[in-house]
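Now for the letters of each chain:
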Amino acid sequence: MTGHHADTSVTVDGRAGHTLRVTIVVLAIATVVGLVLLRPADRTDPTDGTPFDVEQADATIVGFSLQPCAGTLPDDDIDCFEYDIEVTSGRTAGDRATFQQAVATGGVELRTGDRVVVARTPGAPEGAEYAFVDFQRDRPLLLLVALFVVAVIALGRWQGVRALAAAGGAVAFLAWYLMPALLDGVAPLPLALVSASAIAFVAIYVTHGVNVPSSIALAGTLGSLVLVGVLGLVFIDATGLTGLASEESALLRLSAGTVDFEGLLLAGLVIGALGVLDDVTITQVSAVWELRAARPDDPRRTVFRSALRIGRDHISSTVNTLVLAYAGASLPLLLLFSQSNQPLSRVLTGEVVAAEIVRTLVGSIGLVAAVPLTTALAVALLAPAGRGRRADAGPETGGAGPTGTELTGDLGGRDAASGPSDPVALAGGPGPVDRGDDDTWDEFSPQPDHF
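Since the structure is predicted, the reported quantities are computational estimates derived from the model, not experimental observations.

J.: A description of the state of the cysteines should follow, citing residues and the corresponding values.
T.: As enumerated under the stated definition, the model contains one disulfide in all. Each sulfur of the disulfide joining Cys69 and Cys80 lies 1.8 Å from the other. Given an S-S torsion of about 95°, the disulfide between Cys69 and Cys80 has right-handed geometry. A residue pair is termed long-range when its members are at least 10 positions apart, and Cys69 in the loop between strand E2 (55-68) and strand E3 (79-87) and Cys80 in strand E3 qualify at eleven residues. For the pair shown, Cys69 and Cys80 are each scored as buried.

Listed below in structure tokens is the structure:
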């Protein structure tokens with residue numbers, strides 16, 4: 001090896017790379033066809049066909065007083081707070097109105113100046129037209145979103161910007177495609193898989209660039225999602241889950257009779273698993289690439305074993321996080337059941353808790369399967385040992401083997417001459433390598449298309 005910095009570019013086996021390209025193209029075509037076939041019907045009015053004849057509007061409380069509740073006599077001694085409001089949005093903006101709230105311990109406390117959301121029922125008796133719904137939370141939530149965006153961009157630079165763009169696109173897709181399609185009664189499992197595939201394509205390629213490592217992560221993510229969908233279908237049916245245990249489902253049943261609630265539960269399971277799967281698959285491909293760049297002479301079997309050890313640590317912490325996240329979200333429900341003097345087995349097998357158990361365990365199985373699957377795909381794409389670096393090749397000449405396709409970038413947007421990070425070095429690399437000036441925007445620029 002010459003005295004200059006060794007070329008650490010990773011090369012891909014040419015035949016395997018071609019197979020990957022064909023596979024990704026086929027998956028992309030299938031996703032587009034599925035999106036067209038499963039698209040929701042056009043709706044002129046999102047509330048068309050619903051039994052709810054109410055309008056919601058923003059309002060500000062301008063005063064309140066203690067009055068006998070409507071429909072009662074003063075001698076009944078049943079008092080309510082009567083709130084004076086000014087409507088600030090909707091068709092009745094500018095109107096002054098009132099609504100009443102019963103005086104009850106532990107009820108919602110409203111004060112003059114509070115910004116609230118009220119429901120207006122046209123045709124209701126005078127004085128009962130408006131009712132309190134919720135507080136307005138747009139300002140603090142927008143502030144929190146702004147803080148989140150600043151934090152992501154401050155650390156991630158351009159890659160953070162791309163990640164935010166991908167997340168925004170996913171939310172928009174769910175709102176304008178997936179949810180209307182579910183309301184139209186489209187088969188939930190194929191709809192969830194096609195939707196998850198579309199989101200994964202955009203999220204992975206926009207965030208990490210269109211390159212071979214991203215394509216491997218995408219293939220591993222979609223393969224694991226299929227497993228999650230099949231297991232979810234089997235165990236939702238085996239456990240007899242109906243998807244009707246929550247209050248939201250009961251209301252939705254009244255307003256949207258075409259929804260398949262078992263399928264809705266399954267769709268939520270698949271979409272929820274996607275959010276964690278792409279993290280696991282991206283990490284595994286990155287680990288394989290760093291290990292090969294650090295030790296290009298290691299056989300693929302050695303790279304696989306080293307990357308799998310990294311994956312075991314990652315998956316252990318991820319599964320623990322997933323379980324605790326679901327437990328935390330269900331904590332009020334668990335407390336309610338604990339006061340009902342029911343046996344623990346009855347609580348755990350009740351539909352509300354059992355649905356979360358199925359969701360957690362099926363998703364976790366998908367995560368576990370994603371590690372060896374994605375690692376094996378990544379290792380299979382590597383050129384045979386010794387072709388990842390040539391002794392006489394400098395940074396100018398590249399150093400790809402005759403049957404390999406040279407990659408000059410990785411998932412983190414790092415420079416081609418970058419070595420492994422310290423954690424990878426501890427997993428078997430030669431030690432930390434100087435990456436040069438990491439504090440540059442170029443480090444986070446989109447990667448070129450390595451196809």
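Let's pick the thread back up.
J.: Go over a nonpolar patch on the surface, please, and point to the residues and values.
T.: Together, Val25, Ile29, Val33 and Leu37 make up an exposed nonpolar region whose accessible area comes to about 390 Å². Relative to the assigned elements, Leu37 resides in helix H1 (residues 14-37).

J.: I'd like to hear about the pattern of salt bridges, residue by residue, with values.
T.: Per the counting criterion, the structure on display carries nine salt bridges. Arg120 is paired through a salt bridge with Glu55; the nearest N and O atoms lie 3.1 Å apart. One end of the pair, Arg120, is in strand E5 (residues 115-120); the other, Glu55, is in strand E2, and 65 residues separate them in sequence. For Arg120, a relative accessible area of 17% puts it in the buried group. Close ionic contact of Arg359 with Glu356 constitutes a salt bridge, the shortest N to O distance being 3.4 Å. Separated by three residues within a single helix, Arg359 and Glu356 lie in helix H10 (residues 351-381), roughly one turn from each other. The class of Arg359 is buried, set by a relative accessible area of 18%. Note on Glu356: relative accessible area 21%, which makes it partly exposed.

J.: Help me get a handle on H1, residues and values and all.
T.: Along its 24 residues, H1 runs 35 Å from first to last C-alpha, staying within 8% of the 34 Å computed at 1.5 Å per residue. Within H1, the full set of buried residues consists of Ala16, Gly17, Leu20, Ile24, Thr31, Gly34 and Leu35. In the core, the buried residues of H1 are packed alongside strand E1 (10-13), helix H2 (138-183), helix H3 (188-208), helix H4 (212-238) and H10. Looking at where H1 begins, the residue whose side-chain oxygen comes 3.3 Å from the main-chain nitrogen of Arg15 is Asp13.

J.: Mind laying out a negative patch on the surface, listing which residues take part and the relevant values?
T.: A surface patch of like charges, here negative, comprises Asp75, Asp76, Asp77 and Asp79. Its place among the elements puts Asp79 in strand E3. The class of Asp79 is partly exposed, set by a relative accessible area of 32%.

J.: Now, about the environment of Ile271: what can you tell me, with residues and values included?
T.: Here Ile271 is to be found in helix H6 (residues 261-294). Taking the C-alpha atoms as reference points, Ile271 and Gly363, 92 residues apart in sequence, are found 10.0 Å from one another. For Ile271, the contacting residues outside a window of four places in its chain are Leu174, Leu178, Ala192 and Ala196.

J.: Describe the packing of aromatic side chains, with residues and values.
T.: In this structure the tally under the stated criterion is eight aromatic pairs. Centre to centre, the rings of Phe173 and Tyr177 are 5.0 Å apart; their planes meet at 20°, and the pair counts as stacked. A residue pair is termed a helical-turn pair when its members lie 3 or 4 positions apart in one helix, as Phe173 and Tyr177 do in helix H2 at four residues. As far as burial versus exposure is concerned, Phe173 and Tyr177 are alike and both buried. One aromatic cluster is present, formed by Phe64, Phe81, Tyr83, Phe99, Phe132 and Phe135 through successive ring pairs.

J.: How would you summarise the side chain of Thr374 if you had to cite specific residues and measurements?
T.: Residue position: Thr374 is located in helix H10. Under the relative-accessibility criterion, Thr374 is labelled buried at 0%.

Calculation notes
- Residues numbered from 1 in each chain as written.
- Predicted model: local features only at pLDDT ≥ 70, side-chain atom pairs only at ≥ 80, totals over all residues.
- Heavy atoms only, no water.
- Disulfide = S-S within 2.5 Å.
- Helix = DSSP H or I, 4+ residues; strand = E, 2+ residues; numbered from the N terminus.
- Buried < 20%, exposed > 50% of the residue type's maximum accessible area, 1.4 Å probe, protein only.
- Patch = residues over 30% accessible without salt bridge, like charges linked within 9 Å, V, L, I, M, F, W, Y side chains within 5 Å.
- Areas by Shrake-Rupley, 256 points an atom, 1.4 Å probe, with all protein chains shown as cover.
- Salt bridge = Lys/Arg side-chain N within 4 Å of Asp/Glu carboxyl O.
- Expected span 1.5 Å × (residues − 1).
- Contact = heavy atoms within 4.5 Å.
- Polar contact = N/O pair within 3.5 Å; in protein donor to acceptor, adjacent residues only side chain to side chain.
- Lys, Arg positive; Asp, Glu negative; His and termini not counted.
- Charge placed at Lys NZ, Arg CZ, Asp CG, Glu CD.
- Phe/Tyr/Trp six-rings, centres within 6.5 Å; stacked < 30°, edge-to-face > 60°.

So, to be careful, I would describe these as geometric facts and stop short of saying anything about function.
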